[in-house]
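Understanding the architecture of this molecule
Letter by letter, the chains look like this.
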Protein chains: 2
Amino acid sequence: MTHIITISRQFGSGGRTIGKEVAKELGIPCYDSELIEKVAEDSGFAHEYIREHGEYAAQTSWIARTLNAGAGLRESNQDVIWVAQRKAVVEVSKKGPCVIVGRCADYILRGKADLLTVFIHASMKKREERIVRVYGESDEMPEKRLRDKDKRRAAYYKFYTDIEWGLAKNYDVCLDSGKLGLDTCVDVIKQLYLKKSEQTEK
Amino acid sequence: MTHIITISRQFGSGGRTIGKEVAKELGIPCYDSELIEKVAEDSGFAHEYIREHGEYAAQTSWIARTLNAGAGLRESNQDVIWVAQRKAVVEVSKKGPCVIVGRCADYILRGKADLLTVFIHASMKKREERIVRVYGESDEMPEKRLRDKDKRRAAYYKFYTDIEWGLAKNYDVCLDSGKLGLDTCVDVIKQLYLKKSEQTEK
């Protein structure tokens, strides 16, 4: 089975940056925007729309959709994206060892690949500093942006996987990037991956 | 500030064994039974009683105690043990670098010491195998024993700290000892501790 690292992360925790660096140091691809490209091709939705709806429960249509779920109405856009995303994740997983950031890849690939599942988080304060530094200021307070993103990502994950997002027991390793630093997180993940590969080869 | 590793763990995950090994390799003490000794001296309760009530919500008196909480009744045994335990944890933390297993040490020492907070967990299946191997068979099915222990430990933690037990965001590092293996967990914790000490000394 292919060795794959999946990285779930809180918004603003630097999980994407960590994933890219791990992949670079291990010399394997990191799928993130590439996945969005694939989903865009398959679903016909625009990149930006997928970026927003491929991991976050919609703010407005969420209740409406849940209420309509049993009424035999046509699939929501979010469901169409979920199906295309699922297909894209399975496709890239077949190409060989890689890092996949987000997209519920840990759930989608469960039992289909040899996974090292990672969750990256950080305190509200550290994440506030980071999003202002990386994405710039916005009209909304950083804390409100983060709380909203956390809530919607957890709701999305729960809806499609029926698993609680961010519970330690659902991941092989969880790291506080704010406390440990991004470089240390990269080191730990790399070491665990190399050890895992060694053991499988034995 | 003193560097201290706190290890919270699911019952049967091998967290205690990992803690002892980390301490041994780092050449620092690991407090677990020693803490129980101290609490016993202070509170006057028997060791076995403390082992059971110092981390687990009581099965029978739990509801009764909650209902009575506002009624000005005398402190429960559990509260007396909590106070003695808290004192014992603070006391050992002042002696120098160490590993402390369980006893809500992560919460008790927050802000009082330089902590590396660890949570160790494993799948039900792996923990079942382990408790039968380590503690032997019992009349109760292993899964029932584990579910009961998990529930009572989480309830105890929540009651005294008001923090959810086992949420990734509450720890610096969480590791699945069943997936990664005990030795790998020891390595990761040791490396993180050494890196942390290095950084603080700079």
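Numbering of residues begins from 1 in every chain and follows the order in which that chain's sequence is written. Chain letters start at A and ligand numbers start at 1, both assigned in the order the entries are written. Two thresholds apply to this predicted model, a pLDDT of at least 70 for residue-level local features and 80 or more for giving and counting side-chain atom pairs, whereas whole-chain, interface and lining totals are computed over all residues. No hydrogens and no water enter the side-chain calculation; it runs on all heavy atoms of the structure.

**Quick notes on the packing of aromatic side chains**
Each aromatic ring pair is summarised here by two numbers: the centre-to-centre distance and the angle between the ring planes. Under the pairing criterion, centres of Phe, Tyr and Trp rings, with the six-membered ring standing for Trp, must be within 6.5 Å; the plane angle then separates stacked pairs below 30 degrees from edge-to-face pairs above 60, leaving the rest tilted. Scanning the entire structure with this criterion turns up 14 aromatic pairs over all chains. An angle of 70° between the planes, with centres 6.2 Å apart, marks the rings of Trp82 of chain A and Tyr156 of chain A as edge-to-face. Residue Trp82 of chain A is located in helix H5 (residues 77-93), and its partner Tyr156 of chain A is located in helix H8 (residues 142-161); the two are separated by 74 residues in the primary sequence. Accessibility expressed as a relative area gives 9% for Trp82 of chain A, which makes it buried. Relative accessible area serves as the criterion here: at 0%, Tyr156 of chain A is assigned to the buried category. Centre to centre, the rings of Tyr156 of chain B and Tyr160 of chain B are 4.9 Å apart; their planes meet at 55°, and the pair counts as tilted. Taken together, the residues span about one helical turn, with Tyr156 of chain B and Tyr160 of chain B both in helix H8 (residues 142-161) at a distance of four residues. Where helices and strands are cited, they refer to DSSP runs of H or I of at least four residues and of E of at least two residues respectively, numbered from the N terminus. Residue burial is assigned from relative accessible area. The probe radius is 1.4 Å, only protein chains are included, and a residue is buried under 20% of its type maximum, exposed over 50%, and partly exposed in between.

**What about the pairing of strand E3 (residues 98-101) of chain B?**
Residue and element names in this part refer to chain B. Covered by surrounding structure in E3 are Cys98 and Ile100 together with Val99 and Val101, the residues of both alternating faces. By the bridge criterion, four bridges tie strand E1 (residues 3-9) to E3 in an arrangement that is parallel. Considered in E3, the bridge of Ile4 is made with Cys98. Direction of pairing for strand E2 (residues 30-31) relative to E3: parallel, over a ladder of two bridges. Strands are treated as partners if at least two bridges between them are detected by DSSP.

**So, the relation of the copies chain A and chain B**
To go from the first copy of the chain to the second, apply a rotation about an axis and then a shift along the same axis. Residues below a pLDDT of 70 in either copy are left out; the C-alpha atoms of the rest, at least 70 in both, set the least-squares superposition of the copies. Superposing chain A onto chain B takes a rotation of 180° combined with a translation of 0.0 Å along the rotation axis, leaving an RMSD of 0.0 Å. One copy is carried onto the other by what is essentially a two-fold rotation axis.

**What about the environment of Ala113 of chain B?**
Tracing the sequence through the fold places Ala113 of chain B in the loop between helix H6 (105-108) and strand E4 (114-121). For the pair Ala113 of chain B and Ser93 of chain B, spaced 20 residues apart in sequence, the C-alpha to C-alpha distance is 7.5 Å.

**A word on the confidence of the model for chain A**
Known as pLDDT, the predictor's confidence for each residue is given on a scale from 0 to 100. Of the residues in chain A, 89% reach a pLDDT of 70 or more, and the chain-wide mean stands at 85. On the interface metric, ipTM, the complex scores 0.86, and its pTM is 0.87.

**A few points about the nonpolar core**
The set of buried Ala, Val, Leu, Ile, Met, Phe, Trp, Tyr and Cys residues whose side-chain atoms join them within 4.5 Å is what this entry labels a nonpolar core. One finds Ile100 and Leu109 of chain A together with Ile100 and Leu109 of chain B to be the most contacted residues of the largest nonpolar core, which totals 65 residues. With 44 residues, the next largest nonpolar core counts Ile5, Val99 and Ile189 of chain A together with Val173 of chain B among its residues.

**As for the environment of Ala40 of chain A**
Here Ala40 of chain A shows up in helix H2 (residues 33-43). Along the backbone, Ala40 of chain A and His121 of chain A are 81 residues apart, and their C-alpha atoms lie at a distance of 28 Å.

**Quick look at the packing of H2 of chain A against H5 of chain A**
All names here are of chain A. Every angle, taken between N-to-C directions, lies between 0 and 180 degrees, and every axis is a line fitted to C-alpha atoms, over only the stretch in contact when it is a helix. Running from N to C, H2 and H5 point in directions that differ by 130°, and their axes come no closer than 9 Å. With respect to their mutual orientation, H2 and H5 come out oblique. Taken as a pair, H2 and H5 cross one another with a handedness that is right-handed. Side by side, H2 and H5 meet where Leu35, Lys38, Val39, Asp42 and Ser43 of the first sit next to Val80, Ile81, Ala84, Gln85, Lys87, Ala88, Val89, Glu91 and Val92 of the second. Looking at side-chain class alone, the contact of H2 with H5 contains eight nonpolar, two polar and four charged residues. Working rule for angles: under 35 degrees goes down as roughly parallel, over 145 as roughly antiparallel, 65 to 115 as roughly perpendicular, anything else as oblique. By convention the crossing between two helices is left-handed if the near helix lies anticlockwise of the far one by an angle smaller than a right angle, and right-handed if it lies clockwise. By definition in these notes, contact holds between two residues if any of their heavy atoms fall within 4.5 Å. Gly counts as polar in this scheme, as do all residues outside two lists: the nonpolar Ala, Val, Leu, Ile, Met, Phe, Trp, Tyr, Cys and Pro, and the charged Asp, Glu, Lys and Arg.

**Examining the packing of helix H7 (residues 124-135) of chain B against H8 of chain B**
Describing two packed helices takes the angle between their axes plus the distance from one axis to the other. Residue and element names in this part refer to chain B. Where H7 meets H8, the axes come as close as 9 Å, and the angle between the chain directions of the two elements is 105°. With respect to each other, H7 and H8 are oriented roughly perpendicular. On H8, the residues that touch Met124, Arg127, Glu128, Ile131, Val132 and Tyr135 of H7 are Pro142, Glu143, Arg145, Leu146, Arg147 and Asp150. The residue makeup of the contact of H7 with H8, split by class, is six nonpolar, no polar and six charged.

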